[in-house]
Amino acid sequence: LTPKDSYLEKTRQLPYSIQQQANQQSSFASKLIGDALANHIAEIDHDQCDAGDEDSFFVCDLGEVLQSFRIWKEKLPQVHPHYAVKCNTNLEVIKLLAKLGVSFDCASKTEIDTIINLGIDSDRIVYANPCKTNSFIRHAKQTNVNLTTVDNVQELYKLQKHHPECGILIRIVTDDETAQCRLSTKFGCSLEVAITELLPLAKELGLNVKGVAFHVGSGAKDFDSIYKAIRDARALFDAAAEFGYSLDVLDIGGGFERETFDQSSKMVTLSLDKFFPEAFVKQHQVKFIAEPGRFMVANAFTLATHVIARRDIKDAEIRAMVYINDGVYGNMNCILFDHQHPQAHVLTHNNKFYYDSVQSCPYRFSIWGPTCDGLDCVSNQAKLSHDVQVGDWLYFPNLGAYTSAATTSFNGFKGNAHVIYVASEELP
Ligand code: PLP
């Protein structure tokens with residue numbers, strides 16, 4: 001049976017106690033997610049359950065991850081993706097990507113160990129953190145991780161001492177002012193520093209410079225920055241040749257999103273064609289790699305949260321303040337760290353199920369997380385389809401990127417939410 005057949009087989013008799021308002025128009029994927037949400041909630045006895053049984057939870061559609069991978073392969077077949085593990089460390093996602101042949105961008109010892117402990121070869125890892133702890137560099141050497149990024153001279157001295165054979169990608173700065181999360185404020189050297197300081201020192205220390213890396217910022221909005229970075233990378237390839245280096249890796253980093261991938265991938269292709277033409281690529285055997293995080297997982301995770309409290313507000317634009325059991329110290333830390341605006345929707349109201357049903361949204365609320373901190377605000381003004389009450393559930397789609405990876409246990413709330421897996425596509 002294909003996933004679709006077996007789904008239809010199973011759902012001939014829906015076992016849910018919550019009545020599902022089936023939306024005939026909704027896609028197979030959203031039906032799968034809706035059923036997973038409904039099933040889990042139906043299993044909770046809200047009046048008797050143990051503490052925490054009604055915690056927030058995710059539904060992950062691994063079919064969406066597969067879909068992202070396919071789109072990448074279709075639009076950027078010449079660029080080999082290294083999934084940025086920091087974005088979402090979910091092991092099922094990593095295992096699926098590994099099966100698909102994707103490689104990995106690790107930022108730390110723990111991320112390296114996560115990949116290696118899954119039996120994935122260390123030559124599929126780029127240690128893409130330009131500022132590393134000495135002991136982590138030694139760990140990279142011990143585990144045979146032989147490619148890393150560097151943007152300052154101290155890092156070259158550290159590598160010479162602790163991992164002298166390691167392949168080096170010089171990370172250059174980019175123009176990422178309009179990105180959702182800027183990275184070039186912290187990382188990347190100018191072309192001038194790369195040419196006048198890093199290359200000569202690397203040569204003097206006998207280090208193995210292999211290529212150039214950049215990142216145009218996470219959630220990049222200005223794709224001209226891709227063009228400029230690839231142009232600068234080519235200038236550095238040429239400068240390195242004068243030091244006797246024949247560079248053969250260009251790492252175009254992350255910053256990609258599914259919603260804008262048509263434009264960003266076109267810009268990558270156009271820029272590579274211009275600055276890394278076929279003859280040059282052949283002559284130097286150049287490999288193009290990337291470090292996509294958000295692109296692979298953002299759309300694959302839906303978060304369900306329980307309304308635990310409500311405070312009515314008189315004479316205000318909002319009807320009430322509603323309090324849910326996840327927030328900015330939990331899986332919605334992306335509000336603070338990643339400048340995301342998670343969109344709340346009604347999942348259940350008075351035991352009726354409203355997942356993915358298109359409704360008008362006349363009710364305004366502010367939504368708050370469960371901790372005692374006033375900063376823990378999920379939305380100042382969310383428009384919802386129903387007058388939600390204590391005991392209802394809300395859901396937030398597209399919460400796969402930079403969410404579960406950075407939760408805290410502040411105020412004693414458990415950070416790592418339960419994940420239910422579905423697959424809207426047949427998985428390998
Ligand atoms: N590579 C590096 C070095 C990063 O710092 C990040 C994100 O911070 C990524 C890749 C992933 O970026 P994105 O999720 O925007 O694709």
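Residues numbered from 1 in each chain as written. Predicted model: local features only at pLDDT ≥ 70, side-chain atom pairs only at ≥ 80, totals over all residues.

*Asks:* Whenever I open this one, the domain arrangement of the chain confuses me. Can you help?
*Replies:* Interfaces are often described in size by the accessible area the parts lose on coming together. If you check the domain split of the chain, you get domain 1 (3–60 + 299–422) and domain 2 (63–297). Just the C-alpha atoms count here: the centres of domain 1 and domain 2 sit 35 Å apart. Taken residue by residue, the interface counts 14 residues in domain 1 and 15 residues in domain 2. Partitioned by chemical class, the residues of the side of domain 1 that touches domain 2 number nine nonpolar, four polar and one charged. (Domains from an automatic or database assignment. Contact = placed C-beta atoms within 7 Å. Nonpolar A, V, L, I, M, F, W, Y, C, P; charged D, E, K, R; others polar.)

*Asks:* How should I be thinking about the nonpolar core in this particular structure?
*Replies:* Within soluble globular proteins, side chains that are nonpolar tend to cluster in buried spots. In this structure, Leu37, Val65, Ile170, Val212 and Leu394 are the most contacted members of the largest nonpolar core, which totals 119 residues. Here this core gathers at least three residues from each of two domains, domain 1 (3–60 + 299–422) and domain 2 (63–297). Other than its neighbours up to four places away in sequence, leucine 37 contacts Val59, Ala304, Leu347, Tyr355 and Tyr395. (Core = buried A, V, L, I, M, F, W, Y, C linked by C-beta atoms within 7 Å. Buried ≥ 20, exposed ≤ 12 C-beta atoms within 10 Å, placed from the backbone.)

*Asks:* What is the right way to read the UniProt feature "domain: Orn/DAP/Arg decarboxylase 2 C-terminal" (unreviewed entry) in the chain from this model?
*Replies:* Under the UniProt annotation, "domain: Orn/DAP/Arg decarboxylase 2 C-terminal" (unreviewed entry) lies at residues 58–400. Along residues 58–400 the backbone is 34% helical and 24% strand, and the end-to-end C-alpha distance reaches 9 Å. (UniProt positions renumbered as here; feature names shortened; annotations may be inferred. Helix = DSSP H or I, 4+ residues; strand = E, 2+ residues; numbered from the N terminus.)

*Asks:* Would you take a moment to explain the site of the ligand for this structure?
*Replies:* Of all residues adjacent to the ligand, which total 16 residues, the nearest are Ala84, Ser218, Gly254, Glu291 and Gly293. Looking at side-chain class alone, the shell around the ligand contains seven nonpolar, six polar and three charged residues. (Near = placed C-beta within 6 Å.)

*Asks:* Looking at this structure, how should I read helix H4 (residues 91–99)?
*Replies:* Because each turn of an α-helix spans 3.6 residues, side chains separated by three or four positions in sequence point in the same direction. All of the buried residues in H4 are Val93, Ile94, Leu96 and Leu97. Relative to the axis of H4, the buried residues are bounded by an arc of 165° and lie together on one face. In H4, the exposed positions angled more than 90 degrees off the buried face are occupied by Leu91 and Lys99. Among the structural elements, helix H3 (62–75), strand E3 (79–84) and helix H12 (294–297) are those in contact with the buried residues of H4. Backbone geometry just after H4 places glycine 101 at a positive phi near 95°. (Arc of directions from axis to C-beta.)

*Asks:* Help me understand unusual backbone geometry in this model?
*Replies:* Most of the time, phi is negative for any residue but glycine, and the peptide bond is trans. Here aspartate 315, not a glycine, exhibits a phi torsion of approximately 55°, which is positive. As for its placement among the helices and strands, aspartate 315 is situated in the loop between strand E11 (301–312) and strand E12 (320–324). Positive phi is not limited to glycine here, since asparagine 350 has a value of about 50°. Looking at the secondary structure, you find asparagine 350 in the loop between strand E13 (345–349) and strand E14 (352–353). For asparagine 350, a count of 10 C-beta atoms within 10 Å puts it in the exposed group.

*Asks:* Honestly, the pairing of strand E8 (residues 208–213) in this entry has me stumped. Any pointers?
*Replies:* Here is the key point about a regular strand: its side chains alternate between the two faces of the sheet. Buried residues dominate E8, accounting for five of its six residues. Sheet topology note: the strand E7 (residues 167–171)/E8 ladder contains five bridges and is parallel. The residue of E8 that forms the bridge with isoleucine 168 is valine 209. Running through helix H8 (residues 191–205), the crossover from E7 to the neighbouring parallel element E8 is right-handed. Regarding the hand of the β-α-β motif, the stretch spanning E8, helix H9 (residues 224–242) and strand E9 (residues 249–251) is right-handed. (Pairing = 2+ DSSP bridges. Right-handed = clockwise from strand over helix to strand, strands pointing away.)

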